[in-house]
Structures are given as structure tokens and as C-alpha cells.
Amino acid sequence: MKAWPLGAGCVATAALHAGHEVILLDLMSETAPESVATDVIRNFRPEVIGVSIRNVDDQRMDDPKFFLNDVQELISRCRSLTNSPIVLGGAGYSIYPVSLLEYLAADMGIQGEGEIAFLLLLERLEKNEDLSGVPGLLLSTGEALGSRRLEKNLDGLSLPDSRFLPKYASGDDQFWLPVQTRRGCPMKCSYCSTASIEGCTLRERSPEAVVRWIDACVGKGFRRYYFVDNTFNLPPSYAKKLCSKFAAAGLEIAWRCIIYPLHVDEELAQLMAAAGCEDVSVGFESGSEPMLHNMNKRFSPDQVREVCEILGRHGIRRMGFLMLGGPGETKASALESLNFADSLDLDMMKITVGIRIYPYTALAETAREEGLIAKDDNLLTPRFYIASGLGGWLRETVDHWISTRPNWVK
């Protein structure tokens, strides 16, 4: 099942609570998205159309899927039906604000958090006022009208109103409703685009607010949740408080999250399990100490092993990730990572060959210095880094390892 658009739900809720009439379309779940959008535009006659873009491609080096052509067609269809301004937003847009606005031929876009900026934009458009100062707003002319704003108090930004929750998924045990308790990540991994999306400062929503929202969603039939926080366990004090609040509220839920393999102790694992955590994604990416250093990771293979063992002792399923082929990778370091991952005996392993290059990252700088990408490449079209001489060998080696391990996937 496709991921439900959490970010768009938050922005739609902000607009609804400000008194605007709002319809949220989850076009990823529709079999005929253009037809659905056409019917809504003709009947609802929106004065502004917001388009949230989560991903621009599937990040797979072998036969990558580029998603923006479908978005381009959708926007073109909207243009044929209305003269209302089309505003871009979402995580994918925030990575490529200039190039994506140009590629999709929209009127404007908002980089960063849209809940406050979009409301201000709606107010200015309604009053036909100057748009200068709207945070993160960029016009199709290339003119930036306001600096990106990151809200410090996330409790001031509502989680999605129950009216926008996906009715098709209520009571579906295979559906995981996304929820985010924190934004921003200070870890600065060499390849990661989070800084462009959410900034480097970690900002938290109060555990009480999260519990209230989930409790309301449980009442609507949603029992499974996916915490999309970049690092659910950081800081550990917050994670422990959040899990304690879940348990105290008696929420009968199941959930999964993403763990940074550091600062996980027995207490945290026990609290997570008691609160309903069933699965964790452990993004260790490599089992080679030098490669972890190259990726700017703050942990060691021994710490990864310890975290995985602790989580396993508390009955939490663990999915590991390897990202092979980055700067400095050799056949020896790749085999070291594969052997390390094998020794962990995890419930699932996902292996990526080649690393997607995103703008404004250390990996992009390395790729430019090595002449792998042009200095003026906006990286909107998928570009991947793989260490020289490893391509064919690494693919064949990974395919062989996967073929003999049924719980390993690419």
C-alpha cells in the first residue's frame, strides 16, 4: 500500500483550522488520479491548488524510476481546468526548490515547513497583497520572497485532522499510519538530504500531544503506526518519555520506527516493546569502521551489534540496512559489511548498491571533486555514486549473497 501523505495532511489541517475550505486528495491511492483531480477541480473550484511532492525517484541505481513526469502531467491537467495558482511543497520539493519549480512549471513553491507559510500565502492571495516575506516562498520567475522558516514549537503545528485520515485504511491491519514526533536531524550523514528538508536542529512535539492524536486515531479504527522520525531513539530521554506515555494511556497499538544504532539501552527497548513497538529499521549502512567514518556515522560496528542484540532480547523485529559503494569502498570493505550483516542474524536485511547523490551534501561535493557529476548538475535526474571499479563486481556479489538468504532483499 502507498504511503499516506502526512505532510500534506498537516498543511491541509492548518488551512482548515484557519477557516479555509479544504479538500485533501491522496492521489497515490487512486487508480485514476487525473480523473479524480479533474472531478474535484470542476466541482470544488479551488482558488489555490497545493501539490505535495514526497519523492522524485525510487533511489534505485539499477533501472531507477523517475516520478516527476506523472506529476508534470497532473499539473498540466490542472492548468487546463483552472487559472488558480499552483503551489508546490513537500519533502521532495524542499530538496530541489529551484529546479523542480522550473521542471514542473508551477506558479510558486514553499521550501520547508508549510503549515505557517501556506496560511500566510493564502491570506496574502485572498487580500491581493504583496507576497514578500512569506517564509520559503519562491516564484516561478526565480524570485525568492522569504527565508525558510523552521518552527521551534511543533505543538503549534497540528497533526492531521481526523477528517483527512484515509477512510479506505481504517481497520486495515496491513496499513501503517505515518506519524512524526520530531523534525530535523543533527547527525549530518554524508549522503542525507534531511538538512534541506527539515534542518539540522532537532525539534520535538510534546509526548502528550502525540498521545492525544494517536488516541483519537485509534477511535477512528487505526491500530498500526509508522513513526517516520529520522531517529526515533534520539534523544533517548524523549523516546523513553514518549513510550511511557503510550503505556500509561493504555493505547492498544502496534508500531514501527527508525533507530539510529546508538544510545539504546535495556530500559528503552523494554519501554518500546511495552508500548507496542513490533519492528525497527536499523540504519547502520556499513559494517566497516573506515566506511562508517566516511559516511560521518557516530557509531561503531560493535555498537550496532549491541543495539541489535538488545532489541532482539525484547522481541522487537529488526530490519538492517547496508548502503554499499560509497567513497572509499573497496572489495574488502564491502565483504566486511556483508559478513558483519550476516553475523547479526536480523529478521530482514535490505541492501542498496550505489548511493543516490543529493544536492548540498558532502557526497555531492565528493562526486564533483572526482568528476563524476558536473558542477552545474542540479541532480534532479537521478545520479548515483559507486566507487570506481566496483560496479559489476558489487552487483554480482550482492545478488549471490541475497540468493542464499531468503530474508535479504535489494
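All chains use their own residue numbering, which begins from 1 and follows the written sequence. Selection of residues for local features in this predicted model requires a pLDDT of at least 70, selection of side-chain atom pairs for listing and counting requires 80 or more, and totals for whole chains, interfaces and linings are taken over all residues. For the side-chain quantities, the full set of heavy atoms in the structure was used; hydrogens and water were omitted.

What follows concerns the overall build of the protein chain. Along the protein chain, the regular secondary structure elements total 15 helices and 15 strands. For a compact globule the rule gives 2.2 Å times the number of residues to the power 0.38, and the radius of gyration it is set against comes from C-alpha atoms. For 410 residues, the compact-globule estimate of 2.2 N^0.38 gives 22 Å, and the C-alpha radius of gyration of the protein chain, at 22 Å, lies within 12% of that figure. With the C-alpha coordinates of the protein chain rotated into their principal frame, the extents come out at 60 × 55 × 35 Å. Note on exposure labels: buried denotes an accessible area under 20% of the residue type's maximum, exposed denotes more than 50%, and partly exposed covers the range between, all computed with a 1.4 Å probe on protein chains only. For the protein chain, the residues scored as buried account for 50% of the 410 residues in total. Just so you have it, the protein chain exposes about 18900 Å², and 48% of that area is on carbon and sulfur atoms. Of the charged side chains in the protein chain, 43 are positive and 54 negative, and the gap between their average positions amounts to 1 Å. In DSSP terms, a helix is any run of H or I states spanning at least four residues, a strand is any run of E spanning at least two, and both are numbered starting from the N terminus. Per-residue and other accessible areas follow the Shrake-Rupley method at a 1.4 Å probe size, with only the shown protein chains counted as cover for residues. Counted charges follow a simple rule, with Lys and Arg positive, Asp and Glu negative, and His plus the chain ends left uncounted. For the purpose of locating charges, the reference atoms are NZ of Lys, CZ of Arg, CG of Asp and CD of Glu.

What makes a nonpolar core is a set of buried Ala, Val, Leu, Ile, Met, Phe, Trp, Tyr and Cys residues whose side-chain atoms join them at distances within 4.5 Å. Within the largest apolar cluster, 103 residues are counted, with the highest numbers of intra-cluster contacts made by Y225, F227, W255, M272 and F284. Counting residues per element, this core draws most heavily on helix α8 (residues 207–219), which supplies six residues. Here, residues are in contact when the closest pair of their heavy atoms is within 4.5 Å. Aside from chain neighbours lying at most four places away, what touches M272 is F232, C243, W255, C257, I259, C277, V280 and I316. Listed in part, the 13 residues of the second largest apolar core include M108, A117, L121 and L122.

What follows is about the pattern of salt bridges. We define a salt bridge as a side-chain nitrogen of Lys or Arg found within 4 Å of a carboxyl oxygen belonging to Asp or Glu. Using the criterion set out here, one finds 25 salt bridges in the structure. The closest approach of N and O atoms between E113 and R203, which form a salt bridge, is 2.5 Å. On the criterion of sequence distance, the pair formed by E113 in the loop between β3 (108–110) and α6 (114–126) and R203 in strand β7 (residues 203–204) is long-range, its members being 90 residues apart. A residue is classified by how much of its surface remains accessible, and R203, at 5% relative accessible area, is buried. Connected via shared salt-bridge partners are R224, R256, E278, D279 and R317.

For Phe, Tyr and Trp, where Trp contributes only its six-membered ring, two rings pair if their centres lie within 6.5 Å, and the inter-plane angle classes them as stacked under 30 degrees, edge-to-face over 60, or tilted in between. Overall, the coordinates contain eleven aromatic pairs when judged by the stated rule. For the pair Y168 and F175, a centre-to-centre distance of 6.2 Å together with 80° between the ring planes defines the contact as edge-to-face. Between F227 and F246 the ring centres are 5.8 Å apart and the planes differ by 35°, which places this aromatic pair in the tilted class. Taken together, the residues span a long stretch of sequence, with F227 in strand β8 (residues 224–227) and F246 in helix α9 (residues 236–249) at a distance of 19 residues.

What follows is about helix α12 (residues 301–313). Because an α-helix completes one turn every 3.6 residues, residues spaced three or four positions apart along the sequence face the same direction. The terminal C-alpha atoms of α12, which comprises 13 residues, lie 19 Å apart, in line with the 18 Å expected from a rise of 1.5 Å per residue. Within the span of α12, buried status applies to P301, V304, V307, C308, I310 and L311. Elements that come into contact with the buried residues of α12 comprise β9 (254–259), α10 (266–274), β10 (277–285), α11 (289–294), β11 (317–324) and α13 (331–344). One or two positions beyond α12, positive phi appears at G315, with a value near 75°. Expected helix span is given by 1.5 Å per residue-to-residue step, counting one fewer step than there are residues.

Bringing the packing of helix α2 (residues 33–44) against helix α3 (residues 68–81) into the picture now. Think of each axis as a best-fit line through the C-alpha atoms, taken over the contacting stretch in the case of a helix, with angles from 0 to 180 degrees between the N-to-C directions. Orientation of α2 relative to α3, taken along the N-to-C sense of each, is 25°, at an axis distance of 10 Å. One finds that α2 runs roughly parallel with respect to α3. Both α2 and α3 take part in a crossing whose hand is right-handed. Where α2 approaches α3, its residues E34, A37, T38, I41 and R42 are matched on the opposing element by E73, L74, R77, C78 and L81. When residues are grouped by polarity, Ala, Val, Leu, Ile, Met, Phe, Trp, Tyr, Cys and Pro land in nonpolar, Asp, Glu, Lys and Arg in charged, and all others, Gly among them, in polar. Its residues placed into classes, the contact of α2 with α3 shows five nonpolar, one polar and four charged. Angles are sorted into four bins: roughly parallel if under 35 degrees, roughly antiparallel if over 145, roughly perpendicular if 65 to 115, and oblique for all others. A crossing counts as left-handed when the near helix is turned anticlockwise from the far one by less than a right angle, and as right-handed when that turn is clockwise.

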